Amino acid sequence: MSHSGSLACVGIGMTLGAHICPLAKSYIEQADVVFSGVSNGIVELWLQEMHSDVRSLQVYYSEGKSRHITYREMVDAMLTEVRAGKKVVGAFYGHPGVFAHAPHKSIELAKAEGFDAVMVPGISAEDCLIADLGIDPGKFGCQQFEASQFMFYQRRFDPSCYLVLWQIGLAGDKSMAKFATGAAHRQVLIELLAEQYPLDHEVILYEAAVLPIDTVRKQTLTLSALADAEIFMHTTLVIPPSQKMQPNHQVLERLKQIERQLEEAAV
């Protein structure tokens, strides 16, 4: 049985006004209340032009406060209005399902309580990165990790494909309460990467454009220069392949045998 309240978590894309799809726009316009999860005040003002009741979720963040608590408060804020029978929209920058705990959790809870809940995809930072850097993930393959998770756990990474590390501004933060870590934390990351990449290997620091007047950041530097580079919360590290892909001779030989058998069977 579904109740009268509902939840839609929609993506508004990365660049203000340019990326929102008609479906996300229509959910926002028809909502009773809109919660905004955007990192820029101008984007929030733009949302307020679409709806008279826009409430910021950014107020739950603060330095030194665990993001686990912040995310729980965001979910509670949205679910409280859903339970009150309202059509609720969470409007999140980028894609609401990418690097976003609150949209996933609130949709899961709303559905468990019998409410209608949907996620509407948006243009993510990854989509912008592919377009801005001219990278095709299908060419050599692409591995992506959140930078701290990449450091905390033993992850296998392949230097013959692209490696994308998100949120390197927070690399090595175990507290979930900081907005930035420093050069010493990044040095640990560099040493980890240096097990597979030469220190003079060229890497890219990437930042998508949030406002139409913003310049996309695509700064090339060596891996060793990463420790002292200017890095923000929204900076992404992109490491192009440093090695060629190695043929898997065992598999290639088996496939050749299958082709031979098929040819013989056809004769």
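Because the structure is a prediction, the values reported are computed rather than measured.

Looking now at helix H8 (residues 183-193). Owing to its 3.6 residues per turn, the α-helix aligns residues three or four sequence positions apart on the same side. Residues of H8 that are buried: Arg186, Leu189, Ile190 and Leu193. Looking straight down H8, one finds its buried side chains confined to an arc of 105°; they lie on one side. For H8, the elements touching its buried residues are helix H7 (147-152), strand E7 (162-166) and strand E10 (236-239).

Moving on: the sheet that holds strand E2 (residues 33-37). The strand order E3-E2-E4-E1-E5 describes an open sheet built from 5 strands, whose pairing is parallel. A strand with exactly one partner marks an edge of an open sheet, and here the two such strands are strand E3 (54-56) and strand E5 (116-120). Strand-to-strand, the axes of this sheet are offset by a mean angle of 20°, without reference to chain direction. As judged from the 6 bridges shared by strand E1 (residues 6-11) and strand E4 (residues 87-92), these two strands associate in the parallel manner.

Applying the stated criterion across every chain yields a total of 6 aromatic pairs. Taking the centre distance of 6.1 Å and the plane angle of 50° together, the rings of phenylalanine 140 and tyrosine 162 count as tilted. One end of the pair, phenylalanine 140, is in helix H6 (residues 137-140); the other, tyrosine 162, is in strand E7, with 22 residues separating them in the sequence. With a relative accessible area of 32%, phenylalanine 140 lands in the partly exposed category. For tyrosine 162, a relative accessible area of 13% puts it in the buried group. Taken together, a centroid distance of 6.2 Å and an interplanar angle of 20° make the contact between phenylalanine 157 and tyrosine 197 stacked. Highlighted residues: phenylalanine 157 in the loop between H7 and E7 and tyrosine 197 in the loop between H8 and strand E8 (202-207), separated in sequence by 40 residues. Note on tyrosine 197: relative accessible area 3%, which makes it buried. Aromatic rings pair up to connect Phe145, Phe150, Phe157 and Tyr197 into one cluster.

This paragraph deals with the sheet that holds strand E9 (residues 217-222). Spatial strand order, E6-E7-E10-E8-E9: 5 strands in an open sheet with mixed pairing. Only two strands of the sheet have a single neighbouring strand rather than two, namely strand E6 (142-146) and E9. Taking the axes of each pair of neighbouring strands and ignoring which way they run, one obtains an average angle of 20° across the sheet. With 5 bridges connecting them, E6 and E7 associate as parallel partners. Along E7, the bridge assignment pairs glutamate 146 with tryptophan 166. With respect to the sheet, helix H5 (residues 125-133) is in contact with E6, E7, E8, E9 and E10, its orientation differing from that of E8 by roughly 125°.

Criteria and cut-off values
- Residues numbered from 1 in each chain as written.
- Predicted model: local features only at pLDDT ≥ 70, side-chain atom pairs only at ≥ 80, totals over all residues.
- Heavy atoms only, no water.
- Buried < 20%, exposed > 50% of the residue type's maximum accessible area, 1.4 Å probe, protein only.
- Helix = DSSP H or I, 4+ residues; strand = E, 2+ residues; numbered from the N terminus.
- Arc of directions from axis to C-beta.
- Contact = heavy atoms within 4.5 Å.
- Pairing = 2+ DSSP bridges.
- Axes fitted to C-alpha atoms, helices over the stretch in contact; angles between N-to-C directions.
- Phe/Tyr/Trp six-rings, centres within 6.5 Å; stacked < 30°, edge-to-face > 60°.

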